[in-house]
Amino acid sequence: MALANPVDNQSNNVLKCPSPASMDLTPRKCKTNVRKFQSEEDVAKALAKYVADLSEKYIREKGYFSVVLSGGTLIHTLRKLVECPYKGSVDWSKWLIFWVDERVVPLNSPDSNYKLAYDGFLSKVPISPCHIYAINDKLSPKAAADNYEARLKNLVNKETIPVSDASGFPKFDLMLLGIGPDGHVASLFPTRLQRFEKKRWVSFITDSPKPPPERITFTFPVINSASEIAMVVTGAELADAVKITLGGVLPTGLTPLPCMEVSPEEELTWFLDKDAASKL
Ligand SMILES: O=C1O[C@H](COP(=O)(O)O)[C@@H](O)[C@H](O)[C@H]1O
């Protein structure tokens with residue numbers, strides 16, 4: 001999926017995209033670390049240590065650790081976390097798992113982000129099933145988004161998840177995000193309106209440019225209320241999006257990339273392999 005021009009003629013539901021000049025492209029102020037590695041294997045090792053260290057910190061400070069997963073290549077890159085020494089040293093009983101986006105398909109479908117995470121990660125560590133917040137896969141996209149948002153509100157009301165003092169949106173400890181070659185993050189795509197949602201916690205899409213078309217997704221106010229975000233990016237096909245985002249220069253006429261808007265409340269850490277960082 002290539003970087004997108006403002007008008008995507010493939011869809012009737014296209015974004016009448018504001019011109020880049022009229023969008024707020026002011027660089028966000030969060031603390032940003034860019035960590036570059038020789039190989040994807042080195043990214044996987046560093047990512048495991050980073051997540052294990054944050055798990056220890058947040059469990060010590062708050063008693064639990066809320067982690068928001070994405071789908072795609074991220075789960076494979078997380079593989080070292082379910083190996084020695086972390087498999088035995090992390091206090092998995094204190095983890096709460098959520099999804100930043102999910103495809104509206106049965107949970108046992110090969111397209112499901114839950115299944116991807118279950119097969120590659122969750123089935124290998126002792127996280128309690130009642131701490132794993134998968135979507136309700138029996139619902140329409142809109143109903144699934146409403147249902148996920150209502151469940152998050154319930155967790156906030158019970159004070160399981162705090163709200164951000166700054167934004168009033170739920171504040172997760174860590175989000176682990178990937179990006180697409182078009183710069184999408186979660187299921188917030190360059191030419192789709194969900195990226196501009198300011199009120200909802202969870203939105204839905206029925207015409208995703210990347211299949212499958214029906215998905216639910218956290219909105220930017222929720223994503224940017226997280227304490228920490230890791231952007232885990234490997235592979236040469238992502239080098240252009242990385243260059244634009246970290247270089248801060250948008251080519252003329254290109255729709256601003258959703259991944260440029262990621263800005264958590266505490267710290268943003270990019271994990272890049274040599275290929276993804278090759279145009280920096
Ligand atoms: O469709 C999706 O794509 C993004 C990026 O995936 P990747 O394979 O390029 O890493 C992913 O973060 C998102 O969760 C997923 O639904």
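So, how was this worked out
- As a convention, each chain's residues are numbered from 1 in the sequence order in which they are written.
- Given that this is a predicted model, residues contribute local features only at a pLDDT of at least 70 and side-chain atom pairs are listed and counted only at 80 or more, while totals for whole chains, interfaces and linings are drawn from all residues.
- A run of H or I in DSSP becomes a helix once it reaches four residues, and a run of E becomes a strand once it reaches two; helices and strands are each numbered from the N terminus.
- A radius of gyration in this sense is built from C-alpha atoms; the matching globule rule multiplies 2.2 Å by the number of residues raised to 0.38.
- Each residue is classified by how many other C-beta atoms fall within 10 Å of its C-beta atom, where C-beta atoms are placed from the backbone; a count of 20 or more means buried, 12 or fewer means exposed, and values in between mean partly exposed.
- C-beta atoms are first placed from the backbone for all residues, and any pair lying within 7 Å is then listed as a contact.
- Here, any two strands with at least 2 DSSP bridges between them count as paired.
- Lines are fitted to the C-alpha atoms to define the axes, a helix being fitted only along its stretch in contact, and any angle between axes, read from their N-to-C directions, falls within 0 to 180 degrees.
- UniProt positions are given in the numbering used here, feature names are shortened, and annotations may be inferred rather than shown by experiment.
- Residue proximity rests on one test: whether the C-beta atom, placed from the backbone, lies within 6 Å of the molecule or strand.
- In the scheme used here, Gly and all other residues not listed as nonpolar or charged are polar, with Ala, Val, Leu, Ile, Met, Phe, Trp, Tyr, Cys and Pro taken as nonpolar and Asp, Glu, Lys and Arg as charged.
- Under the definition applied here, buried Ala, Val, Leu, Ile, Met, Phe, Trp, Tyr and Cys residues are grouped into a nonpolar core through C-beta atoms within 7 Å.

Undergrad: Just checking my understanding: could you explain the overall build of the protein for this structure?
TA: Scanning the protein for helices and strands turns up seven helices and nine strands. Relative to the compact-globule value of 19 Å for 280 residues, the protein shows a C-alpha radius of gyration of 18 Å, a close match. Each of the 280 residues in the protein was classed as buried or not, and the buried ones make up 42%. Put simply, of all contacts in the protein between residues at least 6 apart along the chain, 78% involve residues at least 24 apart.

Undergrad: Before we go on, may I ask you to explain the sheet that holds strand β7 (residues 215–218) in this structure?
TA: Within the open sheet, the three strands sit side by side as β4-β7-β6. Their pairing is antiparallel. With one partner strand each, in any of the chains shown, β4 (101–103) and β6 (202–205) form the two edges of the open sheet. The mean angle between the axes of side-by-side strands here comes to 15°, regardless of whether they run parallel or antiparallel. With three bridges connecting them, β4 and β7 associate as antiparallel partners. When the sheet's bridge partners are listed, D101 is paired in β7 with T217. With respect to the sheet, helix α5 (residues 141–157) is in contact with β6 and β7, its orientation differing from that of β6 by roughly 165°.

Undergrad: Teacher, can you tell me more about the environment of K210 here?
TA: The residue K210 is located in the loop between β6 and β7 in this model. Spatially, the C-alpha atom of K210 lies 32 Å from that of P162, the residues being 48 residues apart in sequence.

Undergrad: Please clarify how the pairing of strand β5 (residues 174–177) should be interpreted in this entry.
TA: Every other side chain in a regular strand lies on the same face of the sheet, so the side chains alternate between the two faces. Alternating positions in β5 separate into two faces, L174 and L176 on one and M175 and L177 on the other, with burial throughout. In the sheet, strand β2 (residues 65–69) pairs with β5 via two bridges, with the strands oriented parallel. Bridge pairing links V67 to L174 in β5. Note: β5 against strand β8 (residues 228–233), four bridges, orientation parallel. Looking across to β8, one finds that L174 is bridged to E228.

Undergrad: Just checking my understanding: could you explain the UniProt feature "domain: Glucosamine/galactosamine-6-phosphate isomerase" (unreviewed entry) in the protein for this structure?
TA: Sequence positions flagged by UniProt for "domain: Glucosamine/galactosamine-6-phosphate isomerase" (unreviewed entry) are, in local numbering, residues 39–270. End-to-end, the C-alpha atoms of residues 39–270 are 14 Å apart, and along that stretch the chain is 30% helix and 15% strand.

Undergrad: Whenever I open this one, the site of the ligand confuses me. Can you help?
TA: Near the ligand you find 13 residues, and of these S70, G71, G72, T73 and G178 are the closest. Its residues assigned to classes, the shell around the ligand comprises three nonpolar, eight polar and two charged.

Undergrad: Hey, could you run me through the nonpolar core in this one?
TA: One broad rule of soluble globular proteins: the nonpolar side chains tend to lie buried together. Counting residues in hydrophobic clusters, the biggest one holds 69 residues, and the most contacted among them are V68, M175, L176, L177, M231, V232 and V233. Examining the composition of this core, we find that seven residues originate from one element, helix α1 (residues 40–62), more than from any other. When near neighbours in sequence (up to four residues on either side) are disregarded, L177 contacts S70, V100, V185, A186, I229, A230, M231, V232 and V262.

Undergrad: I would appreciate a short explanation of the environment of S70 in the present structure.
TA: One can find S70 in the loop between β2 and α2 (74–77). Measuring from C-alpha to C-alpha, the distance between S70 and V104 comes to 14 Å, with 34 residues separating the pair along the chain. Once residues within four sequence positions are removed from consideration, S70 is found in contact with V100, D101, N113, L176, L177, G178 and A186.

Undergrad: Please explain the sheet that holds strand β3 (residues 95–99) as it appears in this structure.
TA: As a general point, the strands of a sheet are linked pairwise by backbone hydrogen bonds and lie either parallel or antiparallel. Taking strand neighbours across the sheet as the criterion, the six strands line up as β1-β9-β8-β5-β2-β3 in an open arrangement whose pairing is parallel. Edge positions in the sheet fall to β1 (31–37) and β3, since each has one partner strand and no second. Averaged over all pairs of adjacent strands, the angle between strand axes in this sheet comes to 20°, irrespective of strand direction. On top of the sheet, α1 reaches β1, β2, β5, β8 and β9 (267–273); it is set at about 160° to β9, its chief contact.

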